[in-house]
Amino acid sequence: MTPPRPRRPACLPSRAATAILTVSLIAASLPAASEPLNLELPDMGDSTGTLFTPQQEKALGEAFYRNLHLQVQINEDPEVTDYIQALGRKLVENSDTPGQPFHFFVVNQPVINAFAGPGGYIGVNSGLILTTESESELASVLGHEIAHITQRHLYEAFQAAGRMSLPTAAAMLAGVLLGAGTGSSQLGQAAVIAASAASQQMQINFTRDNEAEADRVGMKILSGSNFDPRAMPTFFERMQQSTRFSTGRSTPEFLLTHPVTMSRIADTRGRAEQYAYKQYPDSFSYQIIRAKLHVQTTHNPQESVSYFTAISDVGTRQQQDVAHYGLALALIAQGKIGQGRPMLQELIRRYPEQSQFYNALADAEREAKNYPAALATYEEALKRFPGNRALSLNYAQTLVRSGKPAEARKRLQEYLLRFPATPEVYELLAQAHSQLGNEAESHRYLAEAYYADGQTRNAILHLKLAQRAPGRDFQTDSAIEERLKELLEEQKEERRK
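Below, the structure is looked at part by part. (Residues numbered from 1 in each chain as written. Predicted model: local features only at pLDDT ≥ 70, side-chain atom pairs only at ≥ 80, totals over all residues. Heavy atoms only, no water.)

Examining the overall build of the protein
Counting secondary structure elements, the protein contains 24 helices and three strands. Per-residue burial for the protein yields a buried fraction of 55% across its 497 residues. Contacts spanning at least 24 positions in sequence make up 68% of the contacts within the protein whose residues lie at least 6 apart. Surface summary for the protein: the accessible area is close to 22,300 Å², and the carbon and sulfur share equals 51%. (Helix = DSSP H or I, 4+ residues; strand = E, 2+ residues; numbered from the N terminus. Buried < 20%, exposed > 50% of the residue type's maximum accessible area, 1.4 Å probe, protein only. Contact = heavy atoms within 4.5 Å. Areas by Shrake-Rupley, 256 points an atom, 1.4 Å probe, with all protein chains shown as cover.)

Take a look at the structure:
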């Protein structure tokens, strides 16, 4: 049977999550090339001089995202992903470039930060989401990062740094991330040294101007998306106040990568006051996702049990119900499904239109290996919420675990027609094919899981294993050979950097 991919630790040192987040540091990390390189940047008459083509931006963003998987744990929970994507899309629709592609994701890191990467990839740490006190505060951070991309701050930095091959650019970004966190990786050390040298050589420092512009544009996006413009200065002010009696070691990473001054707070406060005051209630989904992230990112479930118990009778009825949801998840994480199950059943009765409560109940039954009950709950929920991504994926996972690989394969193939592939989806397909005895297909999909996870070497290994597996047909052989050729060429290009 095909072995599962090894999982990475949930969190890395906070500095590892910091280095890639500063636009100026990204610029400094890309040294000028000493010879012609592969990523040619055509002059398109833009004020920045040279730009990536849309295809190059997309390729660099995808390579960056794969490399990022090697350094931090990307949250693959479809409910968390769908929420942050929906919030991000709402903001982008009210930006200067509503048609520009973006990809929003959550990183399981307790430190407070968010960052913009190439190709419209915007990450937000779970720690920042949990620190926000309103959905408008979270939206203000995303709006700021969207502005960094729409105003071309990243690409101005790349232009100043010079041309380089796509693998080199993506690996250098990942190398800076790794090196600042551990200081032990040769790749990371080299990247940090290169970043320092390039910074001294080019003397680039436009962070203050870029941050001011991102604040201005971000606030416009925020107000146009029906979020509270005052949330931006409020969040800045709270972050600054948190450092009043802190040492440098305890300073929130958000402030290290997004310096906040009194003048910056005053400027954003003045802009916000130009908008009429009104109430901006948080969405139910925001509250639910924060509760879920609290449980997911707390190493000791008892801490979450204590936290949600303490606030279970505080606030509005809806806020109390969200606390009950968090408490149920925490109890189930402790293995106390008998206590968590009735809470979720009551929430389903009270909120029949909230798919998250059905999903939580079915997940609980699955983790307790009550597969018939889990499958029945998923099937009932999918009738009410047809095409729901989280329910569809978790249903397929339960089919795999319960020994129904043929049905799981069918469901996963249907899933891929509607939703983007993730490492988890490929891994489930690999497991389903393995149970069906299709070892070539199993290794082929596991190769895709590794590749999406940034592990090209392991992906190549499994493609070679697929070539030697029994029961292959001509079509499968051709697909494996073509994919192996692509990855070997990419690896060869990477070694040339």
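Describing the packing of aromatic side chains
Counted under the stated rule, the structure contains 13 aromatic pairs. Geometrically, the ring pair formed by Phe284 and Tyr351 is tilted, given 5.0 Å between the ring centres and 55° between the ring planes. You can see Phe284 sitting in helix α13 (residues 284–297) and its partner Tyr351 sitting in the loop between α16 (337–350) and α17 (355–367), a full 67 residues away along the chain. Accessibility classification places Phe284 together with Tyr351 in one group, the buried group. With a centroid separation of 6.1 Å and 50° between ring planes, the pair formed by Tyr378 and Tyr395 is classed as tilted. Here Tyr378, found in helix α18 (residues 371–384), pairs with Tyr395, found in helix α19 (residues 389–401); they are 17 residues apart in sequence, far enough to count as distant. A connected cluster of aromatic rings, assembled from ring pairs, spans Tyr65, Phe105, Phe115 and Tyr121. The residue whose ring lies beneath Arg483 is Tyr451, and the NZ or CZ to ring-centre distance is 4.8 Å. (Phe/Tyr/Trp six-rings, centres within 6.5 Å; stacked < 30°, edge-to-face > 60°. Lys NZ or Arg CZ within 6 Å of the ring centre and 35° of its normal.)

Section: the pattern of salt bridges
Counted according to the given criterion, the structure contains 26 salt bridges. For Asp267, the salt bridge goes to Arg271, with nearest N and O atoms at 3.4 Å. Taken as a pair, Asp267 and Arg271 lie in helix α12 (residues 262–272) at a separation of four residues, close to a single helical turn. Classification of Asp267 as partly exposed rests on a relative accessible area of 36%. Judged by relative accessible area, which is 31%, Arg271 ranks as partly exposed. The closest approach of N and O atoms between Arg483 and Glu486, which form a salt bridge, is 2.9 Å. On the criterion of helical spacing, the pair formed by Arg483 and Glu486 is a turn pair, its members being three residues apart in helix α24 (residues 474–495). If you follow the salt bridges from partner to partner, you end up with Asp363, Arg366, Glu367 and Arg401 in one network. (Salt bridge = Lys/Arg side-chain N within 4 Å of Asp/Glu carboxyl O.)

Describing unusual backbone geometry
Here Asn226, not a glycine, exhibits a phi torsion of approximately 65°, which is positive. Relative to the helices and strands, Asn226 resides in the loop between α9 (207–224) and α10 (231–241).

Regarding the sheet that holds strand β3 (residues 121–125)
Taken in spatial order, the three strands of this open sheet run β1-β3-β2, and their pairing is mixed. If you trace the sheet from one side to the other, it starts and ends with β1 (103–107) and β2 (114–116), each paired once. Pairs of neighbouring strands in the sheet enclose a mean axial angle of 15°, with direction left out of account. Here β1 runs beside β3; their pairing, made up of five bridges, is parallel. Paired with Phe104 across the two strands is Ile122, which belongs to β3. (Pairing = 2+ DSSP bridges. Axes fitted to C-alpha atoms, helices over the stretch in contact; angles between N-to-C directions.)

Without other data, these values stay purely geometric and don't point to any function.
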